[in-house]
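Each chain, letter by letter, is given below.
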Amino acid sequence: MKLLSQCVLVSFTIFALAMGWGVAGAQSQRPIVIEPAEQNVSAGYFDVKLRAAPSLALSEQELTSILANAHLHIESDSHLFPIEAAVNGQQAVTISGLAEGHYTVNLVAEGQALSDSATVVVQHHSMALVWPLFTLGLVLFIALFVVLMRGYVADNRAPDS
């Protein structure tokens with residue numbers, strides 16, 4: 001009976017460490033790491049990679065099963081409600097459509113944090129750069145259209161006979 005209780009205690013300790021709960025002075029370690037931990041982006045979208053923590057020996061199957069029911073919890077000072085993005089077992093996720101601001105990203109499953117926080121700063125390109133580039137693209141599109149139409153008209157002109 002004593003051996004059984006020791007096995008249960010050791011199993012619970014390993015489980016607690018794997019889940020990041022910490023036991024009697026052990027350093028807390030979350031099972032998933034969000035990479036990169038800090039990002040500055042200018043396009044309104046960002047990519048995160050979800051990896052098993054280096055200190056935990058998780059197999060690919062264990063990692064996929066952890067990520068199957070997890071979601072990214074994205075908070076910002078400028079938004080009233082957090083954004084929730086399902087992971088669906090994927091190890092890389094792209095989040096887009098974000099306004100300028102500072103964001104904190106966590107991986108969560110069943111109300112439990114599975115990762116430490118990552119931070120993302122979104123700062124879009126300045127409008128002083130956007131409008132000239134848009135205008136240049138429009139001018140090139142119109143020029144291409146005119147050249148193609150002239151070629152079409154020249155090819156379809158009836159011969160003089």
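Residues numbered from 1 in each chain as written. Predicted model: local features only at pLDDT ≥ 70, side-chain atom pairs only at ≥ 80, totals over all residues. Heavy atoms only, no water.

Chemist: Please give an account of the pairing of strand β9 (residues 118-122) that cites residues and values.
Modeler: The two faces of β9 differ: Ala 118, Val 120 and Val 122 on one face are buried, but Thr 119 and Val 121 on the other face are not. Judged from the 4 bridges that link them, strand β2 (residues 38-41) and β9 form a sheet pairing that is parallel. Residue pairing across strands places Val 41 opposite Val 122, the latter belonging to β9. Across 5 bridges, strand β7 (residues 101-109) lies against β9 in antiparallel orientation. In the strand pairing of β9, Tyr 103 is matched with Val 120. (Buried < 20%, exposed > 50% of the residue type's maximum accessible area, 1.4 Å probe, protein only. Helix = DSSP H or I, 4+ residues; strand = E, 2+ residues; numbered from the N terminus. Pairing = 2+ DSSP bridges.)

Chemist: Tell me about the packing of aromatic side chains, residues and numbers included.
Modeler: Each pair of aromatic rings is reported with the distance of its centres and the angle of its planes. One pass over the structure, following the stated rule, counts 1 aromatic pair. Here the aromatic rings of Trp 131 and Phe 134 are separated by 5.8 Å at their centres, their planes lie at 90°, and the arrangement is edge-to-face. Separated by 3 residues within a single helix, Trp 131 and Phe 134 lie in helix α3 (residues 127-155), roughly one turn from each other. (Phe/Tyr/Trp six-rings, centres within 6.5 Å; stacked < 30°, edge-to-face > 60°.)

Chemist: I'd love a proper account of the pairing of strand β6 (residues 92-95), names of residues and values included.
Modeler: Covered by surrounding structure in β6 are Val 93 and Ile 95 only, the residues Ala 92 and Thr 94 on the alternate face being uncovered. The pairing of strand β3 (residues 46-52) with β6 spans 4 bridges and is classified as antiparallel. Bridge pairing in β6 places Val 48 opposite Val 93.

Chemist: Tell me about the confidence of the model for the chain, and name the residues and values.
Modeler: Per-residue confidence for the chain averages 78 on the pLDDT scale, and 80% of its residues sit at or above 70. Element-level mean pLDDT values for the chain span from 45 in helix α1 (residues 2-18) up to 93 in α3. Contacts of residues 3-14 to residues separated by more than four positions or lying in other chains number 2 contacts, the stretch itself having pLDDT below 50. Across residues 20-28, confidence stays below pLDDT 50; counting only partners more than four residues off in sequence or on other chains, it has 13 contacts. (pLDDT = per-residue confidence, 0-100. Contact = heavy atoms within 4.5 Å.)

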